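# Residue-level structural notes
This is what each chain is made of:
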Amino acid sequence: MTTTYAPARHRAENVQRPARRRQRPGASLWQASPLTYLALIIASVLSIFPIVWTVIVASRDNSSIYDIPPPLWPGGNLFSNISRAFSNEQAAFTYGLVNSVVVSAVVTFSVVFFSTLAGFAFAKLRFRGRNGLLLFIILTMMVPTQLGFIPLYILMVKLGWNGQLQAVILPFLVTGFGVFMMRQYASAAVSDELIEAARVDGCSTWRIYWNVVLPALRPAASVLGLLTFMQTWNEFLWPYIVLTPDTPTVQYSLKILASGYYSTDYAQVFAGTAVATIPLLVVFVAFGKQIIGGIMEGSVKA
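Here's what I pulled together on the structure shown here. None of these values were measured; they are calculated from a predicted model.

This brings us to the environment of Gln-164. Assignment of secondary structure puts Gln-164 in the loop between helix 7 (149–159) and helix 8 (166–169). Judged by its relative accessible area of 31%, Gln-164 falls in the partly exposed class. A C-alpha to C-alpha distance of 6.4 Å links Gln-164 and Leu-243, two positions 79 residues apart in sequence.

Rendered as structure tokens:
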């Protein structure tokens with residue numbers, strides 16, 4: 001009996017090689033390149049720099065603002081400058097902050113409520129003239145808001161609302177952008193089967209909206225609420241037209257702070273600007289949690 005041995009080269013080829021780990025298709029799309037990190041760093045610096053510069057100027061006196069090179073570190077006059085901004089009787093800065101909180105909160109709540117309600121109706125309800133009304137709402141988005149300021153101001157004067165907060169609240173209780181945004185989101189987030197199941201269970205249209213549709217629209221409603229609050233808080237032109245220095249918003253008060261007779265007290269103006277930015281940051285953090293929570297909840301359900 002003879003035994004034959006295969007060459008070493010053939011024996012090595014017969015040895016099972018470990019399988020290479022295959023890369024999932026499309027996985028490279030989620031791998032950030034160094035250029036991506038560089039672009040994100042530049043975008044972050046450009047976004048944060050105005051806030052940092054505002055705090056730096058607000059914490060120094062007027063003499064150091066004109067220094068060359070400019071100061072890059074905060075000073076020690078932040079609280080004194082903030083105190084001077086609040087104690088300015090002509091600007092009524094405290095009153096302006098309270099008015100802006102009231103106006104922004106009422107407008108945001110109204111826009112989110114009516115937009116989600118109308119978006120649900122346009123997306124899931126069947127009624128005559130639905131497409132025509134939606135087209136009309138889209139057309140209103142193409143008209144610049146500034147074109148309606150003159151007739152709107154005349155209307156406010158005839159109603160006797162000139163110089164009152166309702167003049168900056170009622171014209172903006174609902175927006176075409178909000179309705180269109182909620183309609184598009186409701187069409188994708190709420191299925192027709194879910195609506196039919198709720199109707200089979202005996203739910204009315206209002207209860208379907210409140211218990212079924214509104215929770216599904218929470219992520220988009222949070223985004224809309226954030227954008228609406230920021231836009232209303234930063235609005236300057238229309239409050240400047242229709243309000244008076246006795247009933248200012250925060251942007252109107254900042255304008256009064258910047259209107260010096262001989263020279264502008266930039267330290268005081270930037271201190272007021274820094275304080276006026278705090279509510280925006282608080283709202284952004286609050287709504288940001290809701291947005292992330294809604295997105296995570298939707299991904300888990302999917």
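On we go.
Two elements in contact, helix 6 (residues 130–141) and helix 9 (residues 176–189), have axes whose closest approach is 8 Å; the angle formed by their N-to-C orientations is 130 degrees. Judged on the interaxial angle alone, helix 9 and helix 6 are oblique. At the point where helix 6 passes helix 9, the crossing takes the left-handed sense. In contact with Leu-134, Ile-137, Ile-138, Thr-140 and Met-141 of helix 6, helix 9 contributes Gly-176, Phe-177, Val-179, Phe-180 and Arg-183.

The subject of this paragraph is helix 7. Inspection of helix 7 places Phe-149, Leu-152 and Met-156 among the buried residues, and these make up the whole buried set. All buried residues of helix 7 fall inside an arc of 65 degrees around its axis, so they share one side. Exposed residues on helix 7 whose side chains face more than 90 degrees from its buried face are Ile-150 and Lys-158. Along its buried surface, helix 7 packs onto helix 8 and helix 13 (237–242). Once helix 7 ends, the next one or two residues include Gly-160, with phi positive near 75 degrees.

This model, assessed by the stated rule, comprises two salt bridges. When the shortest N-O distance is used, the salt bridge between Arg-84 and Asp-265 registers 2.5 Å. Of the two residues, Arg-84 sits in helix 4 (residues 78–86) while Asp-265 sits in the loop between helix 14 (250–257) and helix 15 (266–301), which places them 181 residues apart along the sequence. Judged by its relative accessible area of 32%, Arg-84 falls in the partly exposed class. On the basis of relative accessible area, Asp-265 is assigned to the buried category, the value being 17%.

Reading the values: the criteria
- Residues numbered from 1 in each chain as written.
- Predicted model: local features only at pLDDT ≥ 70, side-chain atom pairs only at ≥ 80, totals over all residues.
- Heavy atoms only, no water.
- Helix = DSSP H or I, 4+ residues; strand = E, 2+ residues; numbered from the N terminus.
- Buried < 20%, exposed > 50% of the residue type's maximum accessible area, 1.4 Å probe, protein only.
- Axes fitted to C-alpha atoms, helices over the stretch in contact; angles between N-to-C directions.
- Parallel < 35°, antiparallel > 145°, perpendicular 65-115°, else oblique.
- Left-handed = near helix turned anticlockwise from the far one by under 90°.
- Contact = heavy atoms within 4.5 Å.
- Arc of directions from axis to C-beta.
- Salt bridge = Lys/Arg side-chain N within 4 Å of Asp/Glu carboxyl O.

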